[in-house]
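# Architecture and fold: a report
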Amino acid sequence: MRTLMRRLRNAWRRPAALVLAVLAGCFALASAADARADLAGRNRALTKVIRNLDQNGRMITASANYADFVAVNELEGDNTKPQQLNDALESEKQDVLDALDSSTAHLPLEPAGSRSKLISPVYRVDGAGPTARPRGGAPAQTQFYYLENEQQHARLTAGRWPQHITMTDTTPSLYTVEVALSTATLQRLGLSVGDSYQAVSDLDQFPPPPVTILITGAFTPLDPGSPYWQEEPAGFAPQLNASKVKPFYLVGGLLSAVEATRLASTTAFGRRGMVAQWNVPIDLSRLTSANARRYEDRIDTELSDALLAIMPDDSASPMALFFQTEVNDTLAQFLAEQRAGQMETAMPAVSLAAIGLFALLLAARSVVDRRDGEFRLLRARGAPLWRLAWSSLAETPVTVIPLTALGLLIAACLPGATPAGLWRDELVLPAAAVLGPAVLTVVRYRHSGAPTARRVRSVAQQRARRTAAQIALVVLCLLGLNEARSQGFSPTGGINLLTAGAPLLAAVLAALVTLAVGPPLLQQLVRLTAGRRGVIGLLGLARTARTPASATVTVVILTLVLATADIAVALHTTPVWKAAAAASTTAPNVSAAGGSTFHSPAFQGPDPLQGATADYLTVLAALAVAAGCLVVALAVAGDAVERRSTTARLGTMGLTAAQARAITAVELLGPIALAAVGGTAAIAPLLWTVRPALAQALGGAGAHVTVETLVLPLGAMTVLALAAGLAAAAAARRGTTRALRLGDSTEGA
C-alpha cells in the first residue's frame, strides 16, 4: 500500500505526466462539447424545418373522392340532411383513427386534433378587381371548403352565412354557389358582400363550365393562429404563392353544411371534383435529428398498415382511400442533407483525431524521456521489459482518468444534446494516453540489456532503410487515395473510413515529398547564409538541421493541418441544400387505388441545416489549426534541454534574449514554410480523390478551391504555428541559464 501511494504521489508530481493528462482531458472536453453542439445544431435545424411546414404538412391525411364517399354512405338524394353528412364524416374519421391505431409502428398521434373537411378543386378567379393580381403575376386562384363547426370559429361581420346552391339557365355558368369570404379576402379581390364572380377551371383539357360564386357574407376568424384555421390558411387570408412562372394569390371561401349536403346530389364542382379529407396530427414533440430515420420508417409502416386495415382483403371498394403526409417527404430530404453533411464533416473529423493522437504520443514520449535514466539503469541491472512497461502503465491512469472524467463531466453540463454512443467514441484518445507511455517504453528499451549487442548499422544502411520506408509509404498513400476515389463515401450505406481519411493520406504523401526535397534545400540555404554577414539566419538554419525529428514532426502535422483546413473551408461553401434536394428520394404515399398521390416539396431554398453544417466545418477547421499549433509547441518543448544548453553557450559570446528569439523564429520558419508548400500541394490529390464521391453524395455538387480558400487557412496556420512555437520556447527557457565561462557546462532541468 505504501508503494502504491508513493507511485500515486509521484504521478501527480511529474510535469510530463500532468501535461499528458491535461491534454487527454482537454481533447475529451473539446470533442464531446463539439459533438453535442453539432447534434444540438442539427436538432434546431430540424425543428425549424418542421415549423416551416403548414398545419396539414404535420398530419396524416386520408382522402377520398367525395362522389365515392357519397355513394358508399348512401347520401345521394334531395332528402339528405346535414346531420347525416356530419355523421358519415365522423364515422369515416373514426375508421381512419382505428386503422392508424392498429398499426404495429405505434406512431405517436394526436387523435383529439383530428378533423373532417370537404375541399373543392382550385379555380381561377374571373371578375375580381386589379388588387387580386400581384405585380407581374397571374390571376388569383380560389378554393372552397366545408369545415366542421365553422360558425364556432368565426364571427360574421356582414351579410349572412351561405345556404343555397342553385341551377341557372344563364351561360356559361350552370350553378350558382353561395360562399362566405373573410374580410381580408374581400379586400384583396376588391369585392363586397352581394357581389359575384366566376370560378373558372383550368385543370382539364375539357374543363367543366364555370361556377358563379355569390358572396353572401363576410367574416373574421376568432383565432387565426389556431390549428383549425392553420389547416387551411387560405380560408381566412389570401396566401401569396411565389411560383417560378408567375406568382398568384390563393383565396378560399366557406361552404355551409346545407350546401355540402346539396353537393351530394349535384355536380356543381364536377362529379369527381370535391374531395373528402380526414386529418390526424402526428405528435412530433420527440422528433430529433438522431431518430428522424426511425420516424420516417414508422410513418411508412403506419400508412401501409392503415391501408391494410381499411382494405384487409383487397376488396374492390367503390371508394378509393388515399393516405399521405408531407412530413415523410420533409424527413427524407432532411436525412439526405444530414447524411451529406456528415460525409463532409467526416474528413476533417478524422484528420483532427489523427492530430490529437499525434499530440498525445508526443506527450507520452516526454513522459518516457523523463524516466530515461531510471529505465536504462534498471534494464542494465537485468530488469525484465514487462516491469518497465508496468511501471509506466501504473502511473498514467492515475492522472489521465480523473482529468478525462472531469472533461467529459464539464462537456455534459454544457448546453446541447448527447449523441448516441458518444462516450464510447470518446474513450479512444484517453486510452491512447494511458497506453502510450507503456508502448513507447517497450519500443525504446526492447533491445537494451540484451545478451547480445545490437548490430550497428552503417550510415548507408540506415539511409537505404529510410528511403525504402519512404517509398513504401508513398506507394501506400497512392494506393489508398485511388481506392478511396473508387469506393466513395458510403459503399455500404455508412461513412467510409478510407475516404474520410483522404486528407490524412494526401497530407502524408505531400509531406514525404516535401521532406525529400527539404534537406538539400536546407543545405543550400546554409551555404548561402554562411557567406553573408548575418549570423542569426545561419544559427537558426543550423538548429533546424540539428533537430531533424522536431522539424519532421512540424512539417507532417502542419501539412495535415493545412490540408484539413483547406478542404473544410472549401466544403463550407458547398451548396448542400441543393445537393440534398437532388439526392433525396420522395417516399410514395400509400393509396387504396394502387397509385401514389401528389408530392409536396419539403422545403425550398437554403434551409437551417446548411448553416449548421457550415458552422461545424468552421469549428473543425479551427480545432485542426489549434491542435496543429499544440503539436508544434510540444515538439519545440521536447528540444528544450538542447536549446537551453546552446543558448547558454552562445550567451558567453554576447547573444541577447532578442537574438535567441530570432534564432528560434528562423528555426521554426523553415519547417513551417515547407509545410505551407506541402499542405497547399496536398489539396490537388485530395480533391482528385474526393470529388467523385462528393458529386455522388451531394447530387452533383462538389468542393471548389479558390485563392481565398487557400489564403485564409495558410495565413492563420503560419502566424499561429510560429506564435505557438515561440511561446513554447519561451516557456521552456528555464533551468541553468547562467553564463558559461571556460569549462563550465549547463544541464537543463
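Bear in mind that the values here come from a model prediction, so they are computed numbers and not experimental data.

Let's shift gears to the overall build of the protein. The helix and strand tally for the protein stands at 23 helices and 13 strands. For the protein, the residues scored as buried account for 47% of the 749 residues in total. Sequence-distant contacts in the protein: of pairs separated by 6 or more residues, those separated by 24 or more amount to 82%. By element, 59% of the accessible surface of the protein is carried by carbon and sulfur atoms, the whole surface being about 35400 Å².

Another aspect to go through is helix α23 (residues 707–731). Over its 25 residues, α23 runs 36 Å from end to end, which matches the ideal 36 Å to within 8%, given 1.5 Å per residue. Where α23 is concerned, the buried positions are Thr709, Pro713, Met717, Ala721, Leu722, Ala724, Gly725, Ala728 and Ala729.

Looking at where Pro15 falls in the secondary structure, it is placed in helix α2 (residues 15–52). Pro15 gets classed as partly exposed once you look at its relative accessible area, which sits at 48%. Separated by 355 residues in the primary sequence, Pro15 and Arg370 have C-alpha atoms spaced 9.1 Å apart.

Let's shift gears to the packing of helix α18 (residues 548–572) against α23. At their nearest, the axes of α18 and α23 sit 9 Å apart, and the two run at 145 degrees to each other. Two packed elements cross with a definite hand, and for α18 against α23 that hand is right-handed. Contacts from Leu558, Val561, Leu562, Ala565, Asp566, Val569 and Ala570 of α18 reach α23 at Thr709, Leu710, Pro713, Leu714, Met717 and Ala721. Looking at the contact of α18 with α23 residue by residue, the class counts come to 11 nonpolar, one polar and one charged.

This next bit is on the pairing of strand β12 (residues 275–281). Taken across its seven residues, β12 has six buried, putting it largely inside the fold. Inspection of the sheet shows strand β1 (residues 59–65) paired to β12 by seven bridges, in the antiparallel sense. Looking at the pairing, Ser63 lines up with Gln277 of β12. Strand direction decides the pairing type here: strand β2 (residues 115–119) and β12, joined by five bridges, are antiparallel. Bridge pairing links Ile119 to Val275 in β12.

Here is what the cut-offs are and how they apply
Residues numbered from 1 in each chain as written. Predicted model: local features only at pLDDT ≥ 70, side-chain atom pairs only at ≥ 80, totals over all residues. Heavy atoms only, no water. Helix = DSSP H or I, 4+ residues; strand = E, 2+ residues; numbered from the N terminus. Buried < 20%, exposed > 50% of the residue type's maximum accessible area, 1.4 Å probe, protein only. Contact = heavy atoms within 4.5 Å. Areas by Shrake-Rupley, 256 points an atom, 1.4 Å probe, with all protein chains shown as cover. Expected span 1.5 Å × (residues − 1). Axes fitted to C-alpha atoms, helices over the stretch in contact; angles between N-to-C directions. Left-handed = near helix turned anticlockwise from the far one by under 90°. Nonpolar A, V, L, I, M, F, W, Y, C, P; charged D, E, K, R; others polar. Pairing = 2+ DSSP bridges.

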